[in-house]
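Coordinates in review
Now for the letters of each chain:
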Amino acid sequence: MSVGIDDIQIATGHHVLDMSLLAEARGIEPAKLSIGLGQLAMSVLAPDEDIVTMAAAAAAPIVERVDASRIRSVLVATESGVDQSKAAGVFVHRLLDLPSTTRVVELKQACYGGIAGVQLAADQVARRPDDLALVIATDVARYDLASAGEPTQGAGAVAMLVSANPRLVELDAVSGLHTFDVDDFWRPNDRTTALVDGHLSTSAYLDSLEGAWRDLVARGGRSLADVAHLLYHQPFTKMARKAHARLASLVDGEIGALDEASLDVGAQLGNAYSASLPGALAGLLESGDRSGDGVGMFSYGSGSVGEWMTGVVRADAGVHDAGVRRAIDGRVPLDVATYEQLHAEHSASSEDRTLPRVTTGPFRMAGVEGGARRYERV
Ligand code: HMG
């Protein structure tokens, strides 16, 4: 019996900010962002969107396609949580009318949480092959205005259904892991924007990639020289290129291709934190028929945990519509002044309020009532 990803769908925010507008407003050479970082645009949320609305939007088409009574776990990975106690997945569970006979929990380890969710789900399904597990990675990346990190903001959610005998990607049981304590990027509880030591973070990412690769090799995992496609956590596109170059320096002989279609997902959405690597996988599966191809995926979450995960696209997978093109093309452009206003208005406050209807997405946050968030189907 194989275990892996049976379905995958992406969603993002209502708005998009073109990177050339941001460069002009900040007095930065546009090529620094488009070539130096490799970023073309970033998703920005409407006031009535958050990680819950994006998560539900990504998961809704998947839930419609399966027997939902088989979904026994909903694992939502996020580092942009909306509550310190209640799991965001419980809101998603209600919005999607999932059965009460479901386990719901939230996972966090920076951008690594999504892949942690996939691995936990895979272990669950290996024990109980009739179970389905819904893993949703959902995040909004926020740095201070005019900071070095600002052009690497973004937002997105990717929902993945993990099952036995999956229709899309069969995952290998062996993976490579690497954890070490480093203050490269973090967000203390009293902040809505991240703190980061940008240059330390890029070297920590590459050290983690190497450490996880050494573990993969030591455990007899699939050789990364034998996979056709390599996907990376992509805080910005140049980082994935640096990661590919580091891997090439480690592996004897040729390595697989750095997949350009998946790079474009990150270049357009910006950093979607835990959803970044799953978004790259969605881009790969949507952009062509990858049936039978090997895939290597590196996840990095600052702080830090890294993992190399490998697998094979099912021989009869064909091209999969993961909603990537619709998500990218469906966004409404912003000017910089409106983006700055939205950035300033972003609030984690529990003050009661009613939110204006802006998003055209299938779900929205209606407001806060008695200190509790209220969500609805649009
Ligand atoms: P910076 O210091 O403003 O940029 O911030 P820089 O001076 O390092 O320049 C960036 C690149 O642009 C350089 O290329 C320049 O040469 C080039 P490189 O040497 O790297 O190849 N450049 C130009 N290219 C063309 N034309 C020009 C031009 N000018 C310069 N005119 C930094 C960059 C990434 C540090 C900043 O954006 C930042 O702090 N970002 C946030 C942190 C981050 O994304 N870290 C990535 C690794 S950690 C990670 O992935 C985890 C994370 O996702 C969080 C999580 O796990 O939850 C962040």
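Residue positions are given per chain, counted from 1 along the sequence in the order it is written. Selection of residues for local features in this predicted model requires a pLDDT of at least 70, selection of side-chain atom pairs for listing and counting requires 80 or more, and totals for whole chains, interfaces and linings are taken over all residues.

Section: the confidence of the model for the chain
Confidence in the prediction of the chain, expressed as mean pLDDT, is 97, and 100% of residues score 70 or more. Across the predicted assembly, pTM comes out at 0.98 and ipTM at 0.99. pLDDT is defined as a per-residue confidence score from the predictor, taking values between 0 and 100.

Here we look at the pairing of strand β19 (residues 372-377)
Where a strand is regular, its side chains alternate between the two sheet faces. When strand β18 (residues 363-369) meets β19, the two strands line up antiparallel, connected through six bridges. When the sheet's bridge partners are listed, Gly-367 is paired in β19 with Arg-374. Here, any two strands with at least 2 DSSP bridges between them count as paired. By definition, any uninterrupted DSSP run of H or I lasting at least four residues is a helix, any uninterrupted run of E lasting at least two residues is a strand, and each is numbered from the N terminus. A loop of two residues connects β18 with β19, the two strands running antiparallel in sequence, and Gly-370 in this loop sits at a positive phi of about 60 degrees.

Overview of the sheet that holds β18
Picture the strands of a sheet paired through backbone hydrogen bonds; they go either parallel or antiparallel. Taken in spatial order, the three strands make up an open sheet running β17-β18-β19, and their pairing is antiparallel. Edge strands, defined here as strands with exactly one partner in the open sheet, are β17 (353-354) and β19. What counts as a contact here is a pair of residues whose C-beta atoms, placed from the backbone, lie within 7 Å. Between N-to-C directions, angles span 0 to 180 degrees; the directions come from axes that are lines fitted to C-alpha atoms, helices contributing only their stretch in contact. Sheet strands in contact with helix α3 (residues 51-65) are β18 and β19, and its direction is about 150 degrees off that of β18.

Side note on the nonpolar core
Grouped together as the largest cluster of nonpolar side chains are 115 residues, with contacts concentrated most on Ala-55, Ala-58, Ala-59, Val-92, Ile-136 and Ala-157. Residues contacting Ala-58, with those up to four places away along its chain left out, are Gln-9, Ile-10, Ala-11, Ile-136, Ala-157, Val-158 and Ala-159. Remark: nonpolar core denotes a set of buried Ala, Val, Leu, Ile, Met, Phe, Trp, Tyr and Cys residues whose joining runs through C-beta atoms within 7 Å. The burial criterion counts other C-beta atoms lying within 10 Å of a residue's C-beta, which is placed from the backbone; the residue is buried at 20 or more, exposed at 12 or fewer, and partly exposed between these limits.

Observations concerning the site of the ligand
In the vicinity of the ligand lie 30 residues, with Gly-36, Ala-110, Cys-111, Gly-198 and Pro-235 positioned nearest. Of the residues in the shell around the ligand, the class split is 14 nonpolar, 11 polar and five charged. The criterion for a residue being near a molecule or strand is simple: its C-beta atom, placed using the backbone, must lie within 6 Å of it. Three classes are used, and their members are as follows: Ala, Val, Leu, Ile, Met, Phe, Trp, Tyr, Cys and Pro are nonpolar, Asp, Glu, Lys and Arg are charged, and the others, Gly among them, are polar.

A few points about the UniProt feature "domain: Hydroxymethylglutaryl-coenzyme A synthase C-terminal" (unreviewed entry) in the chain
UniProt positions are given in the numbering used here, feature names are shortened, and annotations may be inferred rather than shown by experiment. Within the UniProt annotation, "domain: Hydroxymethylglutaryl-coenzyme A synthase C-terminal" (unreviewed entry) is assigned to residues 173-248 and 261-319. Annotation note: span residues 173-248, helix share 43%, strand share 16%, distance between end C-alpha atoms 23 Å.

What about the environment of Gln-153?
Note that Gln-153 resides in the loop between β6 (132-141) and β7 (154-164). Using a count of 25 C-beta atoms within 10 Å as the deciding quantity, one classes Gln-153 as buried. Remark: the alpha-carbon pair of Gln-153 and Tyr-143, spanning 10 residues in sequence, is separated by 6.7 Å. Among all residues touching Gln-153, those that are not within four sequence positions of it are Met-42, Ala-141, Arg-142, Tyr-143, Gly-270 and Asn-271.

Description of the sheet that holds strand β16 (residues 332-333)
The three strands are arranged β3-β2-β16 in an open sheet whose pairing can be described as mixed. Among the strands making up the open sheet, the edge pair consists of β3 (41-44) and β16. As paired strands, strand β2 (residues 15-18) and β3 are joined by four bridges and run antiparallel to one another. In the strand pairing of β3, Val-16 is matched with Ser-43.

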